Amino acid sequence: MKYVFFDIECACVYKNVAKICVFGYCVADEQFNILEKEDILINPNGKFHLTDRKGGEGIVLPYDYDSFGKLPDFKKFYPRIKEILEGEDKLVFGHAAMNDVKYLNLETRRYHLPSFRFSFADTQVLYMAMTETFDRQMGLEALMKIFEIDYLPHRAADDAYATMCVAREMCEHDGCTMPALLKKYGIRLGRIAGGQYSACVSQRRSEYLAEKRRLKRERGEKRSKFNDFVYGYRVRPQSDELKGKRFSFSRCIEEEVPLAKGLVKEIVKRGGRYSLKLSGCNVFVQSEEDDSPRAESARKLKEQGQIGEVYTLAQLKQLLGVEQPV
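Residues numbered from 1 in each chain as written. Predicted model: local features only at pLDDT ≥ 70, side-chain atom pairs only at ≥ 80, totals over all residues. Heavy atoms only, no water.

Enquirer: Explain helix H5 (residues 156-174) to me, please; I cannot follow it from the model alone.
Expert: For an α-helix, 3.6 residues make a turn, and residues three or four places apart therefore share a direction. With 19 residues, H5 extends 28 Å from end C-alpha to end C-alpha; this agrees with the ideal 27 Å at 1.5 Å per step. Counting buried residues along H5, 14 of its 19 residues qualify, which places the element largely inside the surrounding structure. A positive backbone phi angle near 65 degrees is found at glycine 175, which sits one or two residues after H5. (Helix = DSSP H or I, 4+ residues; strand = E, 2+ residues; numbered from the N terminus. Expected span 1.5 Å × (residues − 1). Buried < 20%, exposed > 50% of the residue type's maximum accessible area, 1.4 Å probe, protein only.)

The following block contains the structure:
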């Protein structure tokens with residue numbers, strides 16, 4: 001079996017247009033010995049307009065842009081690219097491969113060509129599964145630093161080679177072949193065919209995302225219960241000890257519903273009030289070493305004089321003279 005690693009650079013990318021200017025590839029055997037490595041330069045039939053995701057100044061490709069206008073366009077190179085990527089004896093790889101697969105699909109539509117038809121693995125997805133870093137998508141440059149390998153970024157053939165290096169390092173780390181590695185980490189190959197495409201995914205990340213959705217849903221339900229309690233809790237205060245103080249808690253405290261409800265009862269009993277909005281409080285209560293965005297915002301508001309005090313949960317309990325409010 002041959003391993004085909006590929007990368008694509010575009011002159012410009014819009015919502016439904018991707019004008020490919022370079023198709024880079026690196027073919028290796030199952031021991032990662034390089035058999036072929038080449039950049040195929042393509043006339044994009046359009047101007048170069050390279051921007052980042054926010055529309056600002058983008059990457060600079062290491063090519064002479066003026067030379068592309070003299071080259072054949074994608075339609076001319078389509079049969080060769082198709083031959084490189086397709087075949088039962090090949091396993092195709094990309095890094096963040098869905099982008100490049102999308103570009104191929106858009107170019108076949110643009111030039112009215114038959115769809116590509118191949119399955120592919122994604123080294124980014126595989127690395128996330130191996131390291132269980134599901135919330136952080138590691139780019140090639142970051143991984144090459146981790147693996148201490150030098151290469152020139154954004155030269156497509158070198159990006160393809162870098163992808164091969166990442167695959168090789170992962171196989172060496174686990175001491176197994178690439179097919180065994182894909183199986184070990186529950187990788188389902190992506191697919192392009194008939195003008196449609198699907199992503200390469202890992203079973204572990206799918207399980208992680210499902211668990212993350214479940215926890216988010218549970219947190220939402222807990223906060224809803226607490227919000228309903230705050231809106232509906234109306235009792236006469238028994239003292240003016242906390243009169244004029246409007247408390248608000250960090251989310252993790254609010255989500256401990258029995259604890260949070262007990263604290264609010266004690267606050268209201270002493271003449272204080274509770275605000276669900278940070279802007280409505282003058283006392284914020286956070287958990288120990290709270291680095292949440294809400295707690296950070298509260299600390300900034302305190303620096304600006306908009307919040308008078310920031311307590312830890314332990315300090316609030318001490319203020320109220322209770323260990324576990326009920």
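Enquirer: Sorry if this is basic, but what is going on with the packing of helix H1 (residues 74-85) against helix H2 (residues 97-110) here?
Expert: In a packed pair of helices, the relevant descriptors are the angle between the two axes and the axis-to-axis distance. Close contact between H1 and H2 brings their axes to 11 Å; oriented N to C, the two are set at 135 degrees. One element, H1, and the other, H2, form an angle in the oblique class. Handedness of the H1/H2 crossing: left-handed. Here Phe74, Tyr78, Ile81 and Leu85 of H1 come into contact with H2, specifically with Leu104, Glu107 and Thr108. For the contact of H1 with H2, the per-class residue count stands at five nonpolar, one polar and one charged. (Axes fitted to C-alpha atoms, helices over the stretch in contact; angles between N-to-C directions. Parallel < 35°, antiparallel > 145°, perpendicular 65-115°, else oblique. Left-handed = near helix turned anticlockwise from the far one by under 90°. Contact = heavy atoms within 4.5 Å. Nonpolar A, V, L, I, M, F, W, Y, C, P; charged D, E, K, R; others polar.)

Enquirer: Even after reading the chapter, I still don't get the packing of aromatic side chains, so can you show me in this structure?
Expert: The geometry of an aromatic ring pair is captured by the separation of the ring centres together with the interplanar angle, meaning the angle of the planes. If you walk through the whole model with that rule in mind, you get 21 aromatic pairs. Relative to phenylalanine 116, the ring of phenylalanine 74 has its centre 6.4 Å away and its plane inclined at 70 degrees; by these criteria the two rings are edge-to-face. Taken together, the positions of phenylalanine 74 in helix H1 and phenylalanine 116 in the loop between H2 and strand E5 (118-122) put the pair 42 residues apart, joining distant regions of the chain. Residues phenylalanine 74 and phenylalanine 116 agree in their burial class; the two are buried. Three or more aromatic residues link up through ring pairs in this structure, and these residues are Phe6, Phe23, Tyr25, Phe118 and Phe120. Sitting above the plane of the tyrosine 63 ring, arginine 155 keeps its charged end 5.2 Å from the centroid. (Phe/Tyr/Trp six-rings, centres within 6.5 Å; stacked < 30°, edge-to-face > 60°. Lys NZ or Arg CZ within 6 Å of the ring centre and 35° of its normal.)

Enquirer: Whenever I open this one, the state of the cysteines confuses me. Can you help?
Expert: Think of a disulfide as a covalent bridge from one cysteine sulfur atom to another cysteine sulfur atom. One pass over the full model with this rule turns up zero disulfides. Left without a disulfide partner, cysteine 26 is nearest to the cysteine sulfur of cysteine 165, which lies 7.7 Å away. Left without a disulfide partner, cysteine 200 is nearest to the cysteine sulfur of cysteine 171, which lies 14 Å away. Judged by its relative accessible area of 5%, cysteine 200 falls in the buried class. (Disulfide = S-S within 2.5 Å.)

Enquirer: How do you make sense of unusual backbone geometry when you look at a structure like this?
Expert: Trans peptide bonds make up most of the peptide bonds, and negative phi angles are found at most residues other than glycine. Here histidine 112, not a glycine, exhibits a phi torsion of approximately 55 degrees, which is positive. Turning to its location among the elements, histidine 112 is positioned in the loop between H2 and E5. A positive phi is found at glutamate 132, a non-glycine position, where the angle reads about 55 degrees. Here glutamate 132 shows up in the loop between helix H3 (123-131) and helix H4 (140-146).

Enquirer: Is there a simple way to explain the pattern of salt bridges in this structure?
Expert: Pairing of side chains with opposite charge becomes possible as their charged atoms draw close. The full count for this structure, using the stated rule, is 17 salt bridges. The closest approach of N and O atoms between aspartate 158 and lysine 37, which form a salt bridge, is 2.8 Å. Linking aspartate 158 in helix H5 with lysine 37 in strand E3 (residues 34-41), this pair joins segments that are 121 residues apart in sequence. Looking at aspartate 158, the relative accessible area reads 16%, which means it is buried. Judged by relative accessible area, which is 40%, lysine 37 ranks as partly exposed. Measuring nitrogen to oxygen at the nearest pair gives 3.0 Å for the salt bridge that ties glutamate 254 to arginine 251. (Salt bridge = Lys/Arg side-chain N within 4 Å of Asp/Glu carboxyl O.)

Enquirer: Where do I start with the environment of aspartate 29 in this structure?
Expert: Here aspartate 29 is to be found in the loop between strand E2 (18-28) and E3. On the basis of relative accessibility, which here comes to 19%, the residue aspartate 29 falls in the buried class. Separated by 31 residues in the primary sequence, aspartate 29 and valine 60 place their C-alpha atoms 32 Å from one another. Not counting the four nearest positions on each side in its chain, aspartate 29 is found in contact with Met1, Tyr3 and Leu35. There is a polar contact of 2.9 Å between the side chain of aspartate 29 and the backbone nitrogen of glutamine 31. Among the polar contacts listed, one links the side chain of aspartate 29 to the backbone nitrogen of asparagine 33, at a separation of 2.9 Å. (Polar contact = N/O pair within 3.5 Å; in protein donor to acceptor, adjacent residues only side chain to side chain.)

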